[in-house]
Amino acid sequence: MLRIGEVAKKYGISNRTLRYWEEVGVLQSKRTENGYRYYDSENVARINQIILLRKLKMPIADIERIFIANSYCVAIDALTSYLADLKQNAKLYNALAAIVENLLGNIQQSQNLEEIFLHIEQQESKPSPKIQRPERILAMETLKNVRILDLPPMTVMSYCVLSETPEADCSKVFDEVMLKHNLHTRSGHRSFGFNNPDPSNESPVYGYELWTTIPEDFEVPAPLVKKQFGGGKYASISASLNEIGERWDALFQWSTQNEKYENDLTNQWLEERVMDYEMFMSPSTPDSERQLDLLLPIKLK
């Protein structure tokens, strides 16, 4: 038996990802009298199997489908589809490599930059390979679509809950006030969430806090409070709720390897809801369609 924190550390998985896999039925934990969640040998073995599929860069949605169905036929279907995607992607990159190689061969002797771009334009006018790039493959590629942005100072309504299920407990109270006052329909509305405090190995209880922007004269009803956010510089990528752990890991890894920016530990990381608020809250919206922007605070080195 391993505690959730021990599993997270051993396999390099965030606690949040493990909790999400429990919510969708991929894993099951057992809770002891002291409130800690443990994984038995069967679930630890399943986590190891998930890690093996992740090392093959298999899309998270397909991995979930295999283990939720727990069916040999579903596994064969998912792996067959993934193999087809890999072969299609290989064709794409082989074709692009041939084009670039041909381009280099033709311009290698040229010392004129204009001639190089002229040749590229001529290449583009020729028939190109009819290869459709599978959308599923995009998630496999190195993280390159990081946006750098400056969040302005904001006045926000805030609510924080410490519990074993703080995201749901916080949303229940926060969303009721949001909808009652139609704050989500105001021009320029923005909504954020974040762990506060983060989960720990020592306790099954952790915190989650939600913010939404409000007018300066808005009277925030208790137990919610008004706060001032000072703004800051952030690195941002998009994510859906079912892949949020993996996307956070990728963004953090980007920040550790970036030559220009580093993490700003003085500011708060944020998850911004970027889709229709009521659709995001709706139980009928699958996690794969709940869209967020992940915002990692950064500063110049």
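Residues numbered from 1 in each chain as written. Predicted model: local features only at pLDDT ≥ 70, side-chain atom pairs only at ≥ 80, totals over all residues. Heavy atoms only, no water.

The antiparallel open sheet is built from three strands, whose spatial order is E1-E3-E2. Looking at strand neighbours, the two that pair on one side only are strand E1 (2-3) and strand E2 (30-31), the edges of this open sheet. As paired elements, E2 and strand E3 (residues 37-39) share two bridges and run antiparallel to each other. Looking across to E3, one finds that Arg31 is bridged to Arg37. (Pairing = 2+ DSSP bridges. Helix = DSSP H or I, 4+ residues; strand = E, 2+ residues; numbered from the N terminus.)

In the predicted model, the protein chain carries a mean pLDDT of 84, and the fraction of residues at 70 or more is 88%. This model gives residues 129-142 a pLDDT under 50, and the stretch forms 25 contacts once residues within four places in sequence are excluded. (pLDDT = per-residue confidence, 0-100. Contact = heavy atoms within 4.5 Å.)

In the contact formed by helix H1 (residues 4-11) and helix H2 (residues 15-23), the axes pass within 9 Å of each other and the chain directions differ by 115°. Considering the relative orientation of H1 and H2, their crossing is right-handed. Mapping the contact onto sequence places Ile4, Gly5, Val7 and Ala8 in H1 and Asn15, Leu18 and Arg19 in H2. Tallied by class, the residues present in the contact of H1 with H2 amount to four nonpolar, two polar and one charged. (Axes fitted to C-alpha atoms, helices over the stretch in contact; angles between N-to-C directions. Left-handed = near helix turned anticlockwise from the far one by under 90°. Nonpolar A, V, L, I, M, F, W, Y, C, P; charged D, E, K, R; others polar.)

Moving on, we get to unusual backbone geometry. For the peptide bond that leads from Asn196 to Pro197, omega is 0°, which places it in the cis range. Mapped onto the elements of the fold, Pro197 is located in the loop between strand E6 (191-195) and strand E7 (206-213). Put simply, Ala222 and Pro223 share a cis peptide bond, and its omega is 10°. Locating Pro223 in the fold gives a position in the loop between E7 and strand E8 (225-229). Positive phi, normally seen in glycine, also occurs at Asn182, with a value near 55°. Within the secondary structure layout, Asn182 lies in the loop between helix H8 (166-180) and E6.

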